[in-house]
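Each chain, letter by letter, is given below.
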Amino acid sequence: MQTFIQTNRQPVQTHTLGVRVMLLSDQAEGSTARRLADFGSVVDVADDLDEALAVILEDPFGYDLFVMDCDGFGGVAGAEQAIAALIAGAAKMRVMLVSSEFEVPAYPLGRRTAVCLPDDVSDASFRIGFDHVLRDRAALTMN
């Protein structure tokens, strides 16, 4: 697993700074990881489904977002398996899925539904999905 963060890369919404993200990807430095880091997220990258789920379920602080590059892990069927495991483990978190199986972005309104993005989605559409999935996350302020 790798952890990295980049800041001051592009303007971010105030509610998205410092988002803790578990990224399941077979491309640790791919476009999904880069985009998330550019948004000011703290990104932990796992390249094994069981490892990612174990880290999420055992984390004492809790992740804000689970992002899965589905194509390297069985596609949408693999994502369904991952989400089922998170539900079984009582993890309550936002989910974003990226896959070549999606033809267009989907930004569902339900709080417990995943944002689904095609793997070739534009940076702007990825940002819309990121902001959408975090729309109810409260901004943190420190005095």
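Everything numeric in this text was worked out from a predicted model, so none of it was measured.

Trainee: Would you take a moment to explain the nonpolar core for this structure?
Mentor: One broad rule of soluble globular proteins: the nonpolar side chains tend to lie buried together. Among the nonpolar cores identified, the biggest contains 23 residues, and Met22, Leu24, Ile56, Phe66, Met68, Leu86 and Leu97 are the most heavily contacted of them. Sorting the residues of this core by element identifies strand E2 (20-24), helix H2 (49-58), strand E4 (65-69), helix H3 (75-88) and strand E5 (94-99) as the ones contributing at least two each. Excluding residues that lie within four positions of it along the chain, Phe66 makes contacts with Met22, Leu24, Ile56, Ala82, Leu86, Met93, Arg94, Val95 and Met96. Counting residues in each nonpolar core, the second largest holds 19 residues, with Val21, Phe39, Leu117 and Phe130 among its members.

Trainee: For this particular structure, what's the right way to read the side chain of Asp69?
Mentor: Along the chain, Asp69 turns up in strand E4. The side chain of Asp69 sits in the buried core without any salt bridge; Arg35 is the nearest counter-charge, 7.8 Å away. Setting aside chain neighbours within four positions, we find Asp69 in contact with Leu23, Leu24, Ser25, Thr32 and Val98.

Trainee: What am I meant to see in the pattern of salt bridges here?
Mentor: Close approach of charged atoms lets side chains of opposite charge pair. On inspection of all chains with the given rule, the structure shows five salt bridges. Asp123 is the partner of Arg35 in a salt bridge, and the nearest nitrogen-oxygen pair spans 2.7 Å. Residue Arg35 is found in helix H1 (residues 31-38), and its partner Asp123 is found in helix H4 (residues 123-133); the two are separated by 88 residues along the sequence. For Arg35, a relative accessible area of 9% puts it in the buried group. Among the charged side chains, a salt-bridge network with shared partners connects Arg34, Arg35, Asp38 and Asp123.

Trainee: Looking at this model, I keep getting lost on H2. Mind explaining?
Mentor: Working note: α-helix, 3.6 residues per turn, so residues spaced by three or four point in the same direction. Among the residues making up H2, those that are buried are Leu49, Ala52, Leu53 and Ile56. Along the axis of H2, the buried residues cluster in a sector spanning 95°; they form a single face. Projecting away from the buried face of H2 at angles above 90 degrees are the exposed residues Asp50 and Glu58. Along its buried surface, H2 packs onto E2, strand E3 (42-46), E4 and H3. The opening residue of H2 is Asp48, an N-cap whose side-chain oxygen sits 3.2 Å from the backbone nitrogen of Asp50.

Trainee: Sorry if this is basic, but what is going on with unusual backbone geometry here?
Mentor: For residues besides glycine, phi is generally negative; the peptide bonds are generally trans as well. Positive phi, normally seen in glycine, also occurs at Ala90, with a value near 65°. Structurally, the position occupied by Ala90 is in the loop between H3 and E5.

Trainee: When you look at a negative patch on the surface in this model, what are you seeing that I'm missing?
Mentor: Negative charge collects at one region of the surface, where Asp26, Asp47, Asp48, Asp50, Asp71, Glu101, Asp119 and Asp120 lie side by side. Position of Asp120 relative to the elements: it lies in the loop between strand E6 (115-118) and H4.

Trainee: Looking at this structure, I do not really get the pairing of E4. What am I missing?
Mentor: Here is the key point about a regular strand: its side chains alternate between the two faces of the sheet. A large share of E4 lies buried, amounting to five of its five residues. Side chains of E4 alternate between two faces, with Leu65, Val67 and Asp69 and Phe66 and Met68 buried alike. Looking at chain direction, E2 and E4 are connected through four bridges and run parallel. Note on E4: the bridge partner recorded for Leu24 is Met68. Note: E4 against E5, five bridges, orientation parallel. Across the sheet, Asp69 pairs through a bridge with Val98, a residue of E5. Considered for its hand, the β-α-β crossover made up of E4, H3 and E5 is right-handed.

Cut-offs applied
Residues numbered from 1 in each chain as written. Predicted model: local features only at pLDDT ≥ 70, side-chain atom pairs only at ≥ 80, totals over all residues. Heavy atoms only, no water. Core = buried A, V, L, I, M, F, W, Y, C linked by side-chain atoms within 4.5 Å. Buried < 20%, exposed > 50% of the residue type's maximum accessible area, 1.4 Å probe, protein only. Helix = DSSP H or I, 4+ residues; strand = E, 2+ residues; numbered from the N terminus. Contact = heavy atoms within 4.5 Å. Lys, Arg positive; Asp, Glu negative; His and termini not counted. Salt bridge = Lys/Arg side-chain N within 4 Å of Asp/Glu carboxyl O. Arc of directions from axis to C-beta. Polar contact = N/O pair within 3.5 Å; in protein donor to acceptor, adjacent residues only side chain to side chain. Patch = residues over 30% accessible without salt bridge, like charges linked within 9 Å, V, L, I, M, F, W, Y side chains within 5 Å. Areas by Shrake-Rupley, 256 points an atom, 1.4 Å probe, with all protein chains shown as cover. Charge placed at Lys NZ, Arg CZ, Asp CG, Glu CD. Pairing = 2+ DSSP bridges. Right-handed = clockwise from strand over helix to strand, strands pointing away.

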